[in-house]
Amino acid sequence: CALNGTVATSFISNPVISVPSISVCPFQQGTLTASGASSYTWNNFSQGNSLTDNPGVTTVYTVTGSSSTCSSSATASIIMKPVPVPQLTSNSPVCNGRSLQFGASGGTSYLWSGPLNYTSGLALNAINPASPPNTGAYGVTVTAANSCTAAGSITLTVNPTPFITTSGSTVC
């Protein structure tokens, strides 16, 4: 006895998970967003299509996406951008009335602050003429082309003009 019949089958493919890597500056949060499935589980056991973290170093994350009874995984990274390294220079100490020059390098933009409400957006600076109240700590925030920032500071000194007194008799 022979039986003939038809069995209907459906092919359910594994989901194709897409999750792009991102780059952040240190101490910033980054969010990875996955797509291609109906539910997601990350390697830190969090659920949902996005994961937010602020790792101290470049970190690789794995996400498993599921649709129906099928699943697949993908990896992505939160990549740590390099920070600028401020290089500070000056001609300090200088005498009262002279030009006090100082500068920074290592970035693409600079924001200075200092004594007497000093502010500047220049890499190279000069206070001319300088006086003792210009003495003190000057701070700079250096921004790199990748938008990451770093801070530096330098202490500058303007020496007062010496006070000289004379005494004695007149010599002819």
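Predicted model only: the values in this text are computed from it and were never measured. Think of each chain on its own: its residues are numbered from 1, step by step along the sequence as written. Given that this is a predicted model, residues contribute local features only at a pLDDT of at least 70 and side-chain atom pairs are listed and counted only at 80 or more, while totals for whole chains, interfaces and linings are drawn from all residues. Side-chain measures here rest on the full set of heavy atoms in the structure, leaving out hydrogens and waters.

Re the overall build of the protein
Short version of the rule: Helix numbers and strand numbers start at the N terminus; a helix is a DSSP run of H or I with at least 4 residues, a strand a run of E with at least 2. When we talk radius of gyration, it's over C-alpha atoms, and the globule rule is simply 2.2 Å times the number of residues to the 0.38. Residue burial is assigned from relative accessible area. The probe radius is 1.4 Å, only protein chains are included, and a residue is buried under 20% of its type maximum, exposed over 50%, and partly exposed in between. Here a residue-residue contact requires only that any non-hydrogen atoms of the pair lie within 4.5 Å. Where accessible areas are quoted, they stem from the Shrake-Rupley method and a 1.4 Å probe; at the residue level, only the protein chains shown are allowed to cover.
When its secondary structure is counted, the protein shows 0 helices and 15 strands. Against the 2.2 N^0.38 benchmark of 16 Å for 172 residues, the protein shows a C-alpha radius of gyration of 32 Å, more extended than a compact globule. Dimensions of the protein, computed from C-alpha atoms along their principal axes, come out at roughly 150 × 25 × 20 Å. The buried share of the protein, taken over its 172 residues, is 29%. Considering only contacts within the protein whose residues lie at least 6 apart along the sequence, 49% involve residues at least 24 apart. Of the roughly 10,800 Å² of accessible surface on the protein, a fraction of 55% belongs to carbon and sulfur atoms.

So, the packing of aromatic side chains
Rule in force here: Classification of ring pairs rests on two measures: the distance between centres of Phe, Tyr or Trp rings, Trp counted by its six-membered ring, which must be within 6.5 Å, and the angle between planes, read as stacked under 30 degrees, edge-to-face over 60 and tilted in between.
Counting across every chain of the model gives 4 aromatic pairs. Centre to centre, the rings of Phe102 and Tyr118 are 5.7 Å apart; their planes meet at 65°, and the pair counts as edge-to-face. You can see Phe102 sitting in strand 9 (residues 100-105) and its partner Tyr118 sitting in strand 11 (residues 118-120), a full 16 residues away along the chain. The same class applies to Phe102 as to Tyr118, namely buried. These aromatic residues form a ring-pair network of at least three members: Phe102, Trp112, Tyr118 and Tyr138.

Notes on the state of the cysteines
Rules: The definition used for a disulfide is geometric: two cysteine sulfur atoms within 2.5 Å.
For the structure on display, the rule yields 1 disulfide. The residue that forms a disulfide with Cys25 is Cys148, at a sulfur-sulfur distance of 2.1 Å. Here Cys25 and Cys148 share a disulfide; its torsion about the S-S bond, -100°, makes the bridge left-handed. Of this pair, Cys25 sits in the loop between strand 1 (22-24) and strand 2 (30-33) while Cys148 sits in the loop between strand 13 (136-143) and strand 14 (149-156), and the two are 123 residues apart along the sequence. Taken individually, Cys25 and Cys148 each receive the classification buried, so the pair is uniform in this respect.

What to know about the environment of Cys95
Looking at the secondary structure, you find Cys95 in strand 8 (residues 94-95). Taking relative accessible area as the criterion, Cys95 reaches 47% and is therefore assigned partly exposed. In this structure, the C-alpha to C-alpha distance between Cys95 and Thr161, residues 66 residues apart in sequence, is 6.8 Å. Excluding residues that lie within four positions of it along the chain, Cys95 makes contacts with Val158 and Asn159.

With respect to the sheet that holds strand 3 (residues 39-42)
The test is simple: Strands were regarded as paired on the criterion that DSSP finds at least two bridges between them. The axes are straight lines fitted to the C-alpha atoms, using for helices just the contacting stretch, and the angles between their N-to-C directions are given from 0 to 180°.
The 4 strands are arranged 1-6-5-3 in an open sheet whose pairing can be described as mixed. Either end of the sheet is taken by a strand with one partner, and the two such strands are strand 1 and strand 3. Pairs of neighbouring strands in the sheet enclose a mean axial angle of 25°, with direction left out of account. Strand direction decides the pairing type here: strand 3 and strand 5 (residues 59-67), joined by 4 bridges, are antiparallel. Of the residues in strand 5, the one forming a bridge with Trp42 is Val63.

Some details on the sheet that holds strand 11
Strand order in the open sheet formed by 4 strands is 11-10-13-14, with antiparallel pairing between adjacent strands. Edge positions in the open sheet fall to strand 11 and strand 14, since each of these has one partner strand only. Geometrically, the sheet is characterised by an average inter-axis angle of 15° between neighbouring strands, direction not taken into account.

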